[in-house]
Amino acid sequence: MRLGDLDRAEIRSRFSGDGLLIQTGPFVIRLKSSLEDIADGVAQLYADFPIADQGQFVDVTLSVNLQRGLWGWFFPRGYVLPRGRDRATSELFPPRLGLSYLEWGLNYSIYAWCMRYLVLHSAVLEREGHGLIILGDSGDGKSTLCSGLALSGWRLLSDELGLVDLSDGQLSPLARPISLKNESIETIRNFSTDAVLTEPRLTRRKGLLAHLKPPTESVELMHQRMTPTTIVTVKYAAGEPLQVEPLDPSAAFQSLLRSGFNYFKLGEAGFHSAVRLINSCECISIRYSQLPEVLDYFQERIPQASACESGT
Amino acid sequence: MWDHGRIIVEVSGSHRADVYYAAVPAKLHWAQLNSTEATDCPVEVVFHSQSGQTHLLDGPSAWIVRRLENSPLTRLDITSALVHEYGAEISTDDASRFVEHLLPLVLRMGLIETVRR
């Protein structure tokens, strides 16, 4: 059963009760919240995700709650409680930002606790056997490019967390929603009529924030792992033409380590995993300002896929 | 010629009497990154398990640390070994300067240790 098969009342009931169990890639997550706004957002973004049985082992439990007491009654604030955090150290946020904090909490829960994987701050996509790992800091255009590719037929594995299996170097999908900020929200809205976006919310740290629903096909293939073939460091450079250059492996290695959320926790296993990844991939750097331009570049890299498309 | 650009540490005192040796070999894990057309010199990466740090080293620097894994050497011994290994590419003076700059750097990284003889 998928989440979209449940009506809103049932979703809200599970959310405020024992929790809603969703399968996302290799993880079963339990979401609990008393905020109705979050339940509606999750119902929209995770509609295609399978619901896990109550008896299943839960990898991640996350609750998003409202602050209690008189102060909370006058000034309602939410807080998110992933494993390892307590109420006293939780950041408070306006309830309307609950969905964004839930996504952050899920990311944190995965990269802080899942040691089977080298977790990279990266977007990961696949098409015709070509596996892309896109590295970039916040604001570098990583999620915009990821959204454009996902809406152009590439399979989305992840927008935020690339999961490199330590045992064999394969990438495991999560296929969770894509987080978009500021101008990129309008860029993606204008790019495709297929884009299903949440209402943008203004945040103090990152400006406007909205989430893009992952394509249904990507969610359906969430258990199909992928072999990485290309590592891309991306940089949005306003007004500049597209620049694609080979990236020195040592520079790519440094970018990879900077992107490794749990690299230092993994020790030797993380080191060997990172080396294997660099040595098995072509590394390139991309600077772009126009989304269609960079999408054309990737389309040309996959001639078979383009030929298939034009034939249908 | 080698790129000495990364090695900027000034050596304040003489190390002639010091013997250098690699951190316990079990603490160092080595790997080589594939070279490309753009990179004429292979890059070695080493993970130091005691500190949890990862370091990138050019070929000759990695060669020296690996050499010290085999046996302790003085600075002069290291220079001689380097000239022997890379003789066609580097003069003795250049090798000496290279070693003089490199040793404090890799000492600070914790990849090697030293003891006064």
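Notes on the structure follow. Predicted model only: the values in this text are computed from it and were never measured.

The rules behind each value
Residues numbered from 1 in each chain as written. Chains lettered and ligands numbered in written order. Predicted model: local features only at pLDDT ≥ 70, side-chain atom pairs only at ≥ 80, totals over all residues. Heavy atoms only, no water. Pairing = 2+ DSSP bridges. Helix = DSSP H or I, 4+ residues; strand = E, 2+ residues; numbered from the N terminus. Axes fitted to C-alpha atoms, helices over the stretch in contact; angles between N-to-C directions. Contact = heavy atoms within 4.5 Å. Buried area = accessible area lost by both parts, 1.4 Å probe. Salt bridge = Lys/Arg side-chain N within 4 Å of Asp/Glu carboxyl O. Polar contact = N/O pair within 3.5 Å; in protein donor to acceptor, adjacent residues only side chain to side chain. Buried < 20%, exposed > 50% of the residue type's maximum accessible area, 1.4 Å probe, protein only. Expected span 1.5 Å × (residues − 1). Core = buried A, V, L, I, M, F, W, Y, C linked by side-chain atoms within 4.5 Å. Phe/Tyr/Trp six-rings, centres within 6.5 Å; stacked < 30°, edge-to-face > 60°. Parallel < 35°, antiparallel > 145°, perpendicular 65-115°, else oblique. Left-handed = near helix turned anticlockwise from the far one by under 90°. Nonpolar A, V, L, I, M, F, W, Y, C, P; charged D, E, K, R; others polar. Patch = residues over 30% accessible without salt bridge, like charges linked within 9 Å, V, L, I, M, F, W, Y side chains within 5 Å. Areas by Shrake-Rupley, 256 points an atom, 1.4 Å probe, with all protein chains shown as cover.

All names here are of chain A. Read across the open sheet, the 3 strands follow the order E10-E12-E11; overall the sheet is antiparallel. Of all the strands in the sheet, the pair left with one neighbour each is strand E10 (178–181) and strand E11 (201–203). Put simply, the sheet's adjacent strands are angled 40 degrees from each other on average, direction ignored. Sheet topology places E10 next to strand E12 (residues 207–212); 4 bridges connect them, and they run antiparallel. For Ile178, the partnering residue across the bridge sits in E12 and is Leu212. Sheet contacts for helix H6 (residues 183–191): E10 and E12; angle to E10, the most-contacted strand, approximately 115 degrees.

A few words on the interface of chain B and chain A. Taken residue by residue, the interface counts 16 residues in chain B and 15 residues in chain A. Across the chain B/chain A interface, buried area totals approximately 1,200 Å², and carbon plus sulfur atoms make up 71% of it. When the buried area of chain B at its contact with chain A is split by residue, Leu33(B), Asn34(B) and Phe47(B) rank highest and sum to 35% of it. Linking chain B with chain A are 0 salt bridges. Our enumeration of links across chain B and chain A arrives at 4 residue pairs in polar contact (both at pLDDT 80 or more). For the side of chain B that touches chain A, the secondary structure elements donating two or more residues are strand E2 (28–33), strand E3 (43–48) and strand E4 (53–58) of chain B. Here the element with the most residues in the side of chain B that touches chain A is E2(B); it accounts for 5 residues.

Residue and element names in this part refer to chain A. The residue Ala175 is not glycine, and still its phi comes out positive at about 55 degrees. Of note, Asn182 is a non-glycine position whose phi angle comes to about 45 degrees, a positive value. Tracing the sequence through the fold places Asn182 in the loop between E10 and H6. On the accessibility criterion, Asn182 (32% relative accessible area) is partly exposed.

An ideal rise of 1.5 Å per residue puts 18 Å on 13 residues; helix H10 (residues 268–280) of chain A measures up with 18 Å between its terminal C-alpha atoms. Residues Gly270(A), Phe271(A), Ser273(A), Ala274(A), Val275(A), Leu277(A) and Ile278(A) constitute the buried set of H10(A).

Quick look at the nonpolar core now. Most often, soluble globular proteins keep nonpolar side chains buried together rather than apart. If you look at the biggest cluster of nonpolar residues, it comprises 41 residues, and the most contacted ones within it are Leu3(A), Ile22(A), Leu31(A) and Val42(A). Among the elements of the structure, helix H1 (8–16), strand E1 (20–24), strand E2 (27–33), helix H2 (36–45), strand E3 (60–66), helix H4 (98–113), strand E5 (117–127) and strand E8 (161–165) of chain A are those that each provide at least two residues to this core. In terms of residues, this core owes the most to one element, H4(A), which gives 8 residues. Once you skip the residues sitting within four places of it in the chain, Leu31(A) turns out to touch Phe15(A), Gly19(A), Leu20(A), Ile22(A), Val42(A), Leu62(A), Leu102(A) and Leu106(A). With 30 residues, the next largest nonpolar core counts Leu157(A), Ala252(A), Phe271(A) and Val43(B) among its residues.

Counting across every chain of the model gives 11 aromatic pairs over all chains. On the numbers, 6.1 Å between centres and 80 degrees between planes, the contact of Trp154(A) with Phe298(A) is edge-to-face. Of the two residues, Trp154(A) is situated in the loop between helix H5 (142–150) and strand E7 (155–158) and Phe298(A) in helix H11 (residues 291–301); the sequence distance between them amounts to 144 residues. Note on Trp154(A): relative accessible area 3%, which makes it buried. Here Phe298(A) falls in the buried class, since its relative accessible area comes to 0%. Geometrically, the ring pair formed by Trp63(B) and Tyr86(B) is edge-to-face, given 6.1 Å between the ring centres and 85 degrees between the ring planes. Here Tyr86(B) lies in helix H2 (residues 75–86) and Trp63(B) lies in helix H1 (residues 59–70), a separation of 23 residues in the sequence. The class of Tyr86(B) is buried, set by a relative accessible area of 14%. Three or more aromatic residues joined by ring pairs make a cluster, and in this case those are Trp104(A), Tyr108(A), Tyr111(A) and Phe261(A).

Another point: the pairing of E8(A). Residue and element names in this part refer to chain A. Most of E8 sits out of view: 5 of its 5 residues are buried. Note: E5 against E8, 5 bridges, orientation antiparallel. Each residue of the ladder has a partner; that of Tyr117, found in E8, is Asp165. What sits between E8 and strand E9 (residues 171–172) in their antiparallel hairpin is a turn of 5 residues, with Gly169 showing a positive phi close to 80 degrees.

Looking now at the packing of H1(A) against H2(A). All names here are of chain A. The N-to-C vectors of H1 and H2 enclose an angle of 120 degrees; their axes lie 9 Å apart at closest approach. When the interaxial angle is binned, H1 and H2 end up oblique. The way H1 lies across H2 gives a crossing that is right-handed. Contact with H1, carried on its side by Arg8, Ile11, Arg12 and Phe15, involves Glu36, Ile38, Ala39, Asp40, Val42, Ala43 and Gln44 of H2 and no other residues of that element. Here the residues of the contact of H1 with H2 are counted per class, giving 6 nonpolar, 1 polar and 4 charged.

This part is about a nonpolar patch on the surface. On the surface, Leu70(A), Trp71(A), Trp73(A), Phe74(A) and Phe75(A) cluster together into a nonpolar patch covering about 700 Å² of accessible area. Classification of Trp73(A) as exposed rests on a relative accessible area of 65%.

Right, let's get into helix H3 (residues 92–109) of chain B. Residues and elements named next belong to chain B. If you check H3, its first and last C-alpha atoms are 25 Å apart, about what 18 residues at 1.5 Å a residue would give, namely 26 Å. Among the residues of H3, Asp94, Ala95, Phe98, Val99, Leu102, Leu103, Pro104, Leu105, Val106 and Met109 are the ones counted as buried. Contact partners of the buried residues in H3: strand E1 (18–22), E3, E4, H1, H2 and strand E6 (112–116). Backbone geometry just after H3 places Gly110 at a positive phi near 85 degrees.

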